[in-house]
Amino acid sequence: MTVQTPGPAAEKAAGRARHQPPPPGRHRKSQVSAGTLPYLLILPALTITAILLGWPLVKNGILSFQQLGMKEIIQHLTVWNGFDNYTDVLGGEDFWRVTLRTVIFTAINVALIMVCGTLVGLLLARLGRKMRLTLLMALVLAWAMPIIAATTVYQWLFAQNYGVVNWVLDKLGWHSMADYSWTSSQTSTFFVIIVMLVWTSVPFVAINLYAATTTIAKELYEAAALDGAGGWRTFTSVTLPFIKPFLIATTFLEIIWIFKAFPHVYAVNGGGPDRLTETLPVYAFVEGVGNQHYGVGAAISVLTILVLMVLTSYYIRMALKQEREDS
């Protein structure tokens, strides 16, 4: 049996077929697939987010336009009252007083958290390996403690009769603090809450900024030392430009975290004494669930989201500007 070898004409035809571009339809199909693939990959996450976050927001917005109390719940009534809930909330002094209190409370906490967290993060970068590992473990344990457990610990520490803080102050000479009630006034109650929030939030900032410092080349510090730069000059000219994006992002997250802090404030004293330590989330809960004015509570929560969006808009613009500069 003889085997026929392809002739010169067949070889030329095969070469043209190999170098010929794919049909337009096939190229367009692969291009469309490549363009839609990222959206298909994030579709499950977007779906879950829409179900778990989007629907409760929509439901809460619908409730804010209803008169909803125990009577309506028991009788399964739907009473629409338009913007009356928003008019009542915005027309009263309580909402604006609580809003101002929440903004000041958030500003104080975020400032303390960012300063302490940055200092601890820079300390982690300078410690030896064993000390750094020990401090990191302590930070992670403080960060991982459940909120209610941390609140219970601080209630024990600042207890009036058997609290460690009062005992230590009494031993140091402040005998009037032996049986002092830390939840009897607005200032002292906020002091306990702020200390607890700073303690639970500093680890997140410190670990983030320490991770940011590991991206800075050591040659830059060596060059700054050769130029005779001191510690502060080295920080402002070398360290700060590199960690600035991390500072902006972390500050943005801390504003959200502190502003919406509910269990820390409510578990310490229920927003007392005399509702003087209520922040907007606690105020919405007390008015909605505590006083059984669910429509009013829903309206307050919607307004809380709007206030938070206004507060974080500046940092969103900064983050977008930083991203444009980096690109």
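Further up the page is the structure itself.
Quick caveat, the model's predicted, so the values are computed rather than measured.

The rules behind the values
- Residues numbered from 1 in each chain as written.
- Predicted model: local features only at pLDDT ≥ 70, side-chain atom pairs only at ≥ 80, totals over all residues.
- Heavy atoms only, no water.
- Salt bridge = Lys/Arg side-chain N within 4 Å of Asp/Glu carboxyl O.
- Helix = DSSP H or I, 4+ residues; strand = E, 2+ residues; numbered from the N terminus.
- Patch = residues over 30% accessible without salt bridge, like charges linked within 9 Å, V, L, I, M, F, W, Y side chains within 5 Å.
- Areas by Shrake-Rupley, 256 points an atom, 1.4 Å probe, with all protein chains shown as cover.
- Buried < 20%, exposed > 50% of the residue type's maximum accessible area, 1.4 Å probe, protein only.
- Core = buried A, V, L, I, M, F, W, Y, C linked by side-chain atoms within 4.5 Å.
- Contact = heavy atoms within 4.5 Å.

Engineer: Just give me the short version of the pattern of salt bridges, but keep the residues and values in it.
Structural biologist: For the structure shown, the criterion picks out four salt bridges. Here Arg97 ties to Asp94 by a salt bridge, and the two come within 2.9 Å at their closest N and O atoms. Of the two residues, Arg97 and Asp94 are both situated in helix H5 (residues 93-126); the distance of three residues between them amounts to about one turn of the helix. The partner of Glu278 in a salt bridge is Arg275, with the nearest N and O atoms 2.6 Å apart. Through salt bridges that share partners, Glu93, Asp94 and Arg97 make up one connected network.

Engineer: Quick rundown of a nonpolar patch on the surface? Include the residues and the values.
Structural biologist: A surface patch of nonpolar side chains, amounting to about 750 Å² of accessible area, comprises Leu37, Tyr39, Leu40, Leu41, Ile42, Leu43 and Leu46. Within the element layout of this structure, Leu41 appears in helix H2 (residues 24-63). A relative accessible area of 62% places Leu41 in the exposed class.

Engineer: I'd like a rundown of the nonpolar core, residues and numbers included.
Structural biologist: Formed by 52 residues in total, the largest nonpolar core has its most connected members in Phe105 and Ile193. When contributions to this core are tallied by element, the ones reaching two or more residues are helix H4 (84-91), H5, helix H6 (129-144), helix H9 (186-213), helix H11 (231-259), helix H12 (263-269), helix H13 (280-290) and helix H14 (294-326). Looking at which element gives the most residues to this core, the answer is H9, with 14 residues. Among residues more than four places away in sequence, those in contact with Phe105 are Phe190, Ile193, Ile194, Leu197, Ile258, Val265 and Thr279.

Note that all results are geometric; they support no functional claim without further evidence.
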